[in-house]
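# Reading the structure
So the chains spell out like this:
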Amino acid sequence: MMLGAAAGFAACALPETAPANAVTPAEGLVLNGQWRQGGFAMGRTQPHVPVFVDGQAMTTASAQGLFVVGFDRDAPATTRIEVGERRRVGQTLTIEAGTFPSTRIDGLPPSTIAPDDPALLARIQRETALKAEGFASRIDGDDFQNGFAWPLAAYRVSSLWGAQRVLNGTPARPHYGIDLAAPQGTPILSPAAGTVVFSRPGMHFEGGLVLIDHGQGLISCYLHQSRIDVAVDQRLTRGEVIGRVGMEGRATGPHLCWRMKWRDRNLDPSLMINATAPTPA
């Protein structure tokens, strides 16, 4: 599937995006979203009430009463979302199973597949701790409410989200990004409003890496950048340039690896395209 001005390249076909799911509103709770593995639910309730997912307190609604919940690649067949303090109301959602391809990538530097140099391992450990600080962000906001746009104006999808990876012939963990191939130096645009919570060039695996918190720990990630144009704590609006496409870190060609996490769950950011928060019941 070719999108934007990058016509002429071969590409992976994106799975057809289903209409947003929705349920009959319960008293004090309205939900919609993409209820599938890698997807999400957006909710509207009373301001600042706690939100429970399968019985566990996971987040808090914003001042507008909005919240988001993510479903990871291995999400179970059902999830129950409840809101409230003394009295809870809720909905049980059916989560559609995903179909994930297998992809093979050869020619990667061995140090990015199975590093064994002590100094490099120590560097990776330091970088992992730095990334964890960024992913721990929990900004009280709802910048996700108007959904997301694609972060590149022109690209081809070179690898789908959730694919089982085989790297240099060795099976690896699933790929929790969608790869958007584009020429070196292509501007990367913030797909939604948010706050930069991590900005660092030269990461071993990710190259130039930026993390943006869109509220309540919904964090989008931009890997392999050749240049970064934003700083930590910077507020962004949709469409602002955050950096440039590159092939830094574990990459064999210029592309943007676009990822998204909600707390410790990996989400498919393409499912957030054109999403909108539910309107009041």
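The shown structure was predicted, so the numbers you read here are calculated from the model rather than taken from an experiment. (Residues numbered from 1 in each chain as written. Predicted model: local features only at pLDDT ≥ 70, side-chain atom pairs only at ≥ 80, totals over all residues. Heavy atoms only, no water.)

### What about the nonpolar core?
The criterion, for reference: The set of buried Ala, Val, Leu, Ile, Met, Phe, Trp, Tyr and Cys residues whose side-chain atoms join them within 4.5 Å is what this entry labels a nonpolar core. When a residue's accessible area, from a 1.4 Å probe over protein chains only, is under 20% of the maximum for its type it is buried; when over 50% it is exposed; and in between it is partly exposed. By definition in these notes, contact holds between two residues if any of their heavy atoms fall within 4.5 Å.
With 54 residues, the main nonpolar core has Phe67, Phe148 and Leu218 as its most contacted residues. If sequence neighbours within four positions are ignored, Phe148 has contacts with Pro191, Ala192, His214, Leu218, Arg238, Trp258, Met260, Met272, Ile273 and Asn274. Residues Leu209, Leu211, Ile219 and Cys257 belong to the second largest nonpolar core, which totals 9 residues.

### A short note on the pattern of salt bridges
So the rule is basically this: The salt bridge criterion pairs a side-chain nitrogen of Lys or Arg with a carboxyl oxygen of Asp or Glu, the two atoms within 4 Å. Only DSSP runs of H or I reaching four residues or more are called helices, and only runs of E reaching two or more are called strands; each is numbered from the N terminus.
Scanning the model with the defined rule gives 8 salt bridges in all. Among the ionic pairs, Arg80 bridges to Glu82, the shortest N-O distance being 3.3 Å. Close ionic contact of Asp143 with Arg235 constitutes a salt bridge, the shortest N to O distance being 2.7 Å. With Asp143 in the loop between α1 (118-135) and β11 (155-159) and Arg235 in strand β20 (residues 235-236), the pair connects residues that are 92 residues apart, well separated along the chain. On the basis of relative accessibility, which here comes to 47%, the residue Arg235 falls in the partly exposed class. Overlapping salt bridges bring together Arg80, Glu82 and Arg88 as one network.

### Let's talk about the pairing of strand β4 (residues 40-44)
What counts is decided by this rule: Any two strands between which DSSP finds at least two bridges are classified as paired.
Here β4 lies mainly inside the structure; 5 of its 5 residues are buried. In β4, alternate side chains face the same way, and those of Phe40, Met42 and Arg44 on one face and Ala41 and Gly43 on the other are all buried. Sheet topology note: the strand β3 (residues 30-34)/β4 ladder contains 5 bridges and is antiparallel. Directly across from Val30, in β4, lies its bridge partner Arg44. Inspection of the sheet shows β4 paired to strand β7 (residues 66-70) by 5 bridges, in the antiparallel sense. Directly across from Arg44, in β7, lies its bridge partner Leu66.

### Remarks on the sheet that holds strand β5 (residues 50-53)
The cut-off we apply is this: Throughout, an axis means a line fitted to C-alpha atoms (over the contacting stretch in the case of helices), and angles, computed between N-to-C directions, take values from 0 to 180 degrees.
Strand order across the open sheet formed by 4 strands is β6-β5-β8-β9, with antiparallel pairing between neighbours. Two strands close off the open sheet at either side, each with one partner strand: β6 (56-60) and β9 (89-94). Between one strand axis and the next, the sheet turns by 25° as a mean value, whatever way the strands run. In this sheet, β9 lies alongside strand β8 (residues 78-83) in antiparallel orientation, the contact comprising 6 bridges. Note on β9: the bridge partner recorded for Arg80 is Thr92.

### Considerations on the sheet that holds strand β13 (residues 170-171)
Strands in a sheet are paired, the pairing made by backbone hydrogen bonds, and the direction either parallel or antiparallel. Taken in spatial order, the 3 strands of this open sheet run β10-β12-β13, and their pairing is mixed. Of all strands in the sheet, those bounded by a partner on one side alone are β10 (102-105) and β13. Inspection of the sheet shows β10 paired to strand β12 (residues 164-167) by 4 bridges, in the parallel sense. Across the sheet, Thr103 pairs through a bridge with Arg165, a residue of β12.

### A look at α1
Our working rule: By this rule the span expected of a helix is its residue count minus one, scaled by 1.5 Å. Comment: arc refers to directions from the helix axis out to C-beta atoms. Throughout this description, a polar contact denotes any pair of N or O atoms lying within 3.5 Å of each other; where both atoms belong to protein, one of them has to be capable of donating a hydrogen while the other can accept it, and for residues adjacent in sequence the pair is counted only when both atoms sit in side chains.
Compared with an ideal rise of 1.5 Å per residue, which puts 18 residues at 26 Å, α1 spans 26 Å between its outermost C-alpha atoms and is within 8% of the ideal. Listing the buried residues of α1 in full gives Leu120, Ile124, Glu127, Lys131 and Gly134. For α1, the angular spread of the buried residues around the axis is 70°, confining them to a single face. Across α1 from its buried face, at more than 90 degrees, point the exposed residues Pro118, Ala119, Gln125, Arg126 and Glu133. The secondary structure elements touched by the buried residues of α1 are β16 (194-203), β17 (207-213) and β18 (218-225). Sitting at the head of α1, Asp117 places a side-chain oxygen 3.2 Å from the backbone nitrogen of Ala119.

### Some details on the confidence of the model for the protein chain
Condition: For every residue, the predictor reports its confidence as pLDDT, a number between 0 and 100.
Mean pLDDT over the protein chain stands at 90; residues scoring 70 or higher make up 91%. Counted against residues more than four places away or in other chains, residues 1-10, with its pLDDT under 50, gives 22 contacts.

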